[in-house]
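# Reading the structure
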Amino acid sequence: MAEYYTNGIGRSKKRKKRVYSGKSLALFLLDMLATIAMSLLIFSTIAAIVCQYISPERSGILSVIALGAPIIYLLDIVVMFYWVVRWRWYRASIMIAVVFLGLFYLSRYYKIEVDRHYDTSFRESRYIKVMTYNVLDGKEEGLVRYIDSHNPDILCLQEIWGSDNLNTLCEKYKSTRQEGDGANNQIFSRYKILRSGTIDSISRSGCVWADLKIKEDTVRVLSLHLQSTSIRPEDTQFLEKHEYLLDSERKNKLSSIVERLVENNRKRAVQAETIAKFLESTPYTTIVCGDFNDVPLSYTYNSILRGLDDTFSEKAEGFAYTYDTKYKLLRIDNIFVSPSVEVVSYEVDNEVDLSDHYPVISRLTLKNRSER
């Protein structure tokens, strides 16, 4: 009898051990995958943060990582919670540190809504209303009507080209347009334009500036349309459908896309450095608008932002995107201002369908001289 119980208990223990071993193996494999993911995410997060300070001439392919920064950060949070749930506090603490590091740059992508106001109305005459909008080709029939509905004081349009809409807007606004000018980048203003021009080595299509007389102040406005990514619609479809995972030939196409991204990152970096030097020498209050063709953790964005404020970081609510893609992640159109400008509001109109970009609108006021 004793032998029966001993053998029975032994078999029971063996069965329990086999079940426990299977469970342990599954968790072990899961932990291994999480560890690999953690390593890749730590590298990607640090690269995305550091590369904004390093020219793509030096960072090369790493400069492309910034495009996926929001997704990388979300995955950081997921992996952090995984280790917390697993009670692996050493690894969890590492991911907590990584997530904490990302918090310093989170305001470039997501503005926490601490005190949200609904249906806010503005007394427009008190503010300088600025709109920047890449209008694709500027030929949409409803473009002027849409602009009239918002009635901006300063309007920066990229890719307006020589359409009838350009002629109509020139009748309604003072503009930087010159006789016989076919440039696709223009500034329109309800304020007097004292002078205008371009930055040496950057064409009118890439950058145009104008000095405006606003009350007693001279305000310099820049409208930018920086080097395109050269990503075509078929490239976007190729990436969104993950076709590059299917065979080596398509992976070659992915390689071609990445090479183009890197090359154009380098071209934008040169433009951004030139613009940054121009801004440093500008004696006036500055408003920088336009299509940067680059994301908030890029070298381009960081170079131009130096010494300025991003109206998104100042007054946005939640997340914003300005370019129409499937995943709605790209905010590549911006309005930057000098510290002497108070940002009253920020919005992106994602309801209008006149371009592959969305207009960015911000209300501003000039601070009193005593506050500057």
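For the structure itself, look to the data block above.
Our subject in this report is the structure included herewith. Please read all numbers here as calculations on a predicted model, not as lab measurements. For every chain, the first residue of the written sequence is number 1, and numbering continues from 1 along that sequence. Totals for whole chains, interfaces and linings use every residue, but because this is a predicted model, local features are given only for residues with pLDDT of at least 70 and side-chain atom pairs only at 80 or more, for both listing and counting. In computing side-chain values, all of the structure's heavy atoms are included and hydrogens and water are not.

### Let's talk about the overall build of the chain
Assigned secondary structure in the chain consists of ten helices and 14 strands. When the 372 residues of the chain are sorted by exposure, 48% land in the buried category. Only heavy atoms enter the contact rule, under which two residues are in contact if any of them lie within 4.5 Å. Considering only contacts in the chain between residues 6 or more positions apart, those separated by 24 or more positions represent 67%. Of the roughly 20,000 Å² of accessible surface on the chain, 55% is carried by carbon and sulfur atoms. For the purposes of this entry, the term helix denotes a DSSP run of H or I that reaches at least four residues, the term strand denotes a run of E that reaches at least two, and both are numbered from the N terminus. Exposure categories follow from relative accessible area, calculated using a 1.4 Å probe and restricted to protein chains: below 20% of the type maximum is buried, above 50% is exposed, and the middle band is partly exposed. Surface accessibility follows the Shrake-Rupley procedure with a 1.4 Å probe radius. Residue values consider only the protein chains on display as shielding.

### Remarks on the packing of aromatic side chains
Note on aromatic pairs: the rings of Phe, Tyr and Trp (six-membered ring only in Trp) are paired at centre separations within 6.5 Å, and the planes decide the class, stacked below 30 degrees, edge-to-face beyond 60, tilted for the rest. In total, this model carries ten aromatic pairs according to the counting rule given. Note on phenylalanine 100 and phenylalanine 104: the rings are 5.3 Å apart at their centroids and 85 degrees apart in plane angle, and the pair reads as edge-to-face. Of this pair, phenylalanine 100 and phenylalanine 104 both sit in helix H4 (residues 89–106), four residues apart, roughly one helical turn. Residue phenylalanine 100 shares its accessibility class with phenylalanine 104, and that shared class is exposed. Aromatic side chains tyrosine 301 and phenylalanine 336 sit 5.2 Å apart centroid to centroid with 85 degrees between the ring planes, which places their arrangement in the edge-to-face category. Of the two residues, tyrosine 301 is situated in helix H9 (residues 299–305) and phenylalanine 336 in strand S12 (residues 333–337); the sequence distance between them amounts to 35 residues. What makes tyrosine 301 buried here is its relative accessible area of 1%. Feature note: the residues Phe292, Tyr301 and Phe336 constitute an aromatic cluster, connected by ring pairs. In this structure, arginine 220 packs its charged tip against the face of tryptophan 209, placed 4.4 Å from the ring centre. In this scheme, the term charge over a ring applies when either NZ of a lysine or CZ of an arginine sits within 6 Å of the ring centre and within 35 degrees of the ring normal.

### Structural notes on the pairing of strand S13 (residues 341–348)
The buried fraction of S13 is high, at six of eight residues. For two strands to be treated as a pair, DSSP must find no fewer than two bridges joining them. Pairing geometry for S13 and strand S14 (residues 360–366), over seven bridges, is antiparallel. The residue of S14 that forms the bridge with tyrosine 346 is serine 362.

### Considerations on the packing of helix H3 (residues 69–85) against H4
Note on method: axes are straight lines fitted to C-alpha atoms, helices fitted across the in-contact stretch only, with angles between N-to-C directions ranging 0 to 180 degrees. Where H3 meets H4, the axes come as close as 8 Å, and the angle between the chain directions of the two elements is 155 degrees. It follows from the interaxial angle that H3 and H4 lie roughly antiparallel. Here the hand of the crossing between H3 and H4 comes out left-handed. Judged by residue contacts, Tyr73, Asp76, Ile77, Val79, Met80, Trp83 and Val84 of H3 engage Trp89, Arg91, Ala92, Met95, Ile96, Val98, Val99, Gly102, Leu103 and Leu106 from H4. By the definition adopted for this analysis, an angle is roughly parallel if under 35 degrees, roughly antiparallel if over 145, roughly perpendicular if from 65 to 115, and oblique otherwise. The sense of a crossing depends on the near helix, which, turned anticlockwise from the far helix by less than a right angle, makes the crossing left-handed and, turned clockwise, makes it right-handed.

### Let's talk about the pattern of salt bridges
Each reported salt bridge corresponds to a side-chain nitrogen of Lys or Arg within 4 Å of a carboxyl oxygen of Asp or Glu. This model, assessed by the stated rule, comprises ten salt bridges. Its salt-bridge partner being arginine 86, residue aspartate 31 comes within 2.8 Å of it at the nearest N-O pair. In this pair, aspartate 31 is assigned in helix H1 (residues 2–50) and arginine 86 in the loop between H3 and H4, connecting sequence segments 55 residues apart. Among the residues examined, aspartate 31 registers a relative accessible area of 9% and is labelled buried. For aspartate 310, the salt bridge identified is with arginine 331, shortest N-O distance 3.3 Å. With aspartate 310 in strand S10 (residues 309–310) and arginine 331 in the loop between strand S11 (318–319) and S12, the pair connects residues that are 21 residues apart, well separated along the chain.

### Description of the sheet that holds strand S3 (residues 154–158)
Within the open sheet, the six strands sit side by side as S4-S5-S3-S2-S14-S13. Their pairing is mixed. Taken across any chain shown, the strands that pair with only one partner, and hence form the sheet edges, are strand S4 (174–175) and S13. Each of S3, S4 and strand S5 (185–189) is contacted by helix H6 (residues 164–172), which is oriented at about 30 degrees to S5, the strand it contacts most.

### So, H6
Along H6, the residues that are buried comprise Asn165, Leu166 and Leu169. The buried residues of H6 occupy an angular sector of 100 degrees when the element is viewed end-on, so they sit on one face. Exposed and oriented more than 90 degrees from the buried face of H6 are Asp164 and Glu171. Of the surrounding elements, those touching the buried residues of H6 are helix H5 (143–150), S3 and S5. In this description, the arc belongs to the directions extending from the helix axis to the C-beta atoms.

### What to know about the nonpolar core
Working definition of a nonpolar core: buried Ala, Val, Leu, Ile, Met, Phe, Trp, Tyr and Cys residues. They are joined through side-chain atoms within 4.5 Å. Ranked by size, the top nonpolar core spans 28 residues in total, and within it Val130, Ile154, Leu212, Val221, Ile287 and Leu364 carry the most contacts. Elements represented by at least two residues in this core include exactly strand S2 (128–134), S3, strand S7 (207–214), strand S8 (217–225), strand S9 (285–291), S12, S13 and S14. Judged by nonpolar contacts, the second largest core, of 22 residues, contains Ala47, Trp83, Ala92 and Leu297.

### Regarding the sheet that holds S7
With respect to topology, six strands assemble into an open sheet ordered S6-S7-S8-S9-S12-S10, the strand pairing being mixed. One side of each edge strand has no neighbouring strand; the edge strands of this open sheet are strand S6 (192–197) and S10.

### Digging into unusual backbone geometry
Phi at glutamate 159 takes a positive value of approximately 60 degrees, unusual for a residue other than glycine. As for its placement among the helices and strands, glutamate 159 is situated in the loop between S3 and H6. Of the residues examined, glutamate 159 reaches a relative accessible area of 18% and is grouped as buried. Although it is not a glycine, asparagine 293 adopts a positive phi angle of roughly 55 degrees. Residue position: asparagine 293 is located in the loop between S9 and H9.

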